[in-house]
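# Geometric and topological summary
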Amino acid sequence: QVQLVESGGGLVQAGGSLSLSCAASGSIFSIDPMGWYRQAPGKQRELVALITSGGSTNYADSVKGRFTIARDNAKKKVYLQMNSLKPEDTAVYYCNARAVSYGFAESDYWGQGTQVTVSS
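## Description of the packing of aromatic side chains
In total, this model carries three aromatic pairs according to the counting rule given. Centroid distance Phe 29 to Tyr 102: 5.5 Å. Interplanar angle 80°. Geometry classified as edge-to-face. Here Phe 29 is found in strand S4 (residues 28-39), whereas its partner Tyr 102 is found in the loop between strand S9 (91-101) and strand S10 (107-110), with 73 residues between them in sequence. Residue Phe 29 is classed as exposed on the basis of its relative accessible area of 56%. Assessed through its relative accessible area of 52%, Tyr 102 is described here as exposed. When the centroid spacing of 5.0 Å and the interplanar angle of 70° are considered together, the rings of Tyr 37 and Trp 110 count as edge-to-face. Residue Tyr 37 is located in strand S4, and its partner Trp 110 is located in strand S10; the two are separated by 73 residues in the primary sequence. Feature note: the residues Tyr 37, Tyr 94 and Trp 110 constitute an aromatic cluster, connected by ring pairs. The residue whose ring lies beneath Arg 45 is Tyr 94, and the NZ or CZ to ring-centre distance is 3.7 Å. Above the ring of Trp 110, the side-chain terminus of Arg 45 is found at 4.6 Å from the ring centroid.

Here you go:
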């Protein structure tokens, strides 16, 4: 069906920057939107940012002005540039995509998650 593979993340000091990327592969008929969610220990998974194939974006209030989402439709990739990172941004970040795979109904797909840790 659809596989999402993330890269990036890691450990950074507060105020620093990190970037994430996610590549989708498989028998994809359409994929829209793509985005990022995160889950901190003991908390529910929450939306970070979404982007449509037309470039419309939606950000969580907590990351507006600091994070930027982008996508490459041809390569089926989505990116997240994270600046001015804060300790409260520490979480596992998951790539998400709503996609139609040939022979299958529209479904939500998730990456394996990548750890982002921001030290104070």
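## Regarding the sheet that holds strand S1 (residues 2-8)
Backbone-to-backbone hydrogen bonds pair the strands of a sheet. The strands run either parallel or antiparallel. The antiparallel open sheet is built from four strands, whose spatial order is S1-S3-S8-S7. Of all strands in the sheet, those bounded by a partner on one side alone are S1 and strand S7 (67-72). Strand-to-strand twist across the sheet, computed as the mean angle between neighbouring axes with direction ignored, equals 15°. Where strand S3 (residues 18-26) lies against strand S8 (residues 77-82), six bridges are found, and the strand directions are antiparallel. Of the residues in S8, the one forming a bridge with Ala 23 is Lys 77.

## Overview of the nonpolar core
Grouped together as the largest cluster of nonpolar side chains are 32 residues, with contacts concentrated most on Trp 36, Leu 80, Met 82 and Tyr 93. Where this core is concerned, the elements lending two or more residues are S1, S3, S4, strand S5 (46-51), S7, S8, S9 and strand S11 (114-119). At five residues, the largest contribution of residues to this core is made by S9.

## Considering the environment of Thr 114
Tracing the chain through its elements places Thr 114 in strand S11. With relative accessibility at 12%, the residue Thr 114 sits in the buried group. For the pair formed by Thr 114 and Tyr 93, sequence separation is 21 residues and the distance between their alpha carbons is 5.3 Å. Dropping the residues within four chain positions of it, Thr 114 is found in contact with Glu 6, Gly 8, Gly 9, Leu 20, Ala 91, Val 92 and Tyr 93. A polar contact of 2.9 Å, which involves the side chain of Thr 114, links it to the backbone oxygen of Gly 8.

## A short note on the environment of Gly 8
Position of Gly 8 among the secondary structure elements: in strand S1. When the C-alpha atoms of Gly 8 and Val 116 are compared, they prove to be 8.6 Å apart, with 108 residues separating the residues in sequence. Those residues in contact with Gly 8 that sit more than four places away from it in its chain are Ser 19, Leu 20 and Thr 114.

Quick notes on the rules
Residues numbered from 1 in each chain as written. Predicted model: local features only at pLDDT ≥ 70, side-chain atom pairs only at ≥ 80, totals over all residues. Heavy atoms only, no water. Phe/Tyr/Trp six-rings, centres within 6.5 Å; stacked < 30°, edge-to-face > 60°. Helix = DSSP H or I, 4+ residues; strand = E, 2+ residues; numbered from the N terminus. Buried < 20%, exposed > 50% of the residue type's maximum accessible area, 1.4 Å probe, protein only. Lys NZ or Arg CZ within 6 Å of the ring centre and 35° of its normal. Pairing = 2+ DSSP bridges. Axes fitted to C-alpha atoms, helices over the stretch in contact; angles between N-to-C directions. Core = buried A, V, L, I, M, F, W, Y, C linked by side-chain atoms within 4.5 Å. Contact = heavy atoms within 4.5 Å. Polar contact = N/O pair within 3.5 Å; in protein donor to acceptor, adjacent residues only side chain to side chain.

Keep in mind these values describe shape, not function.
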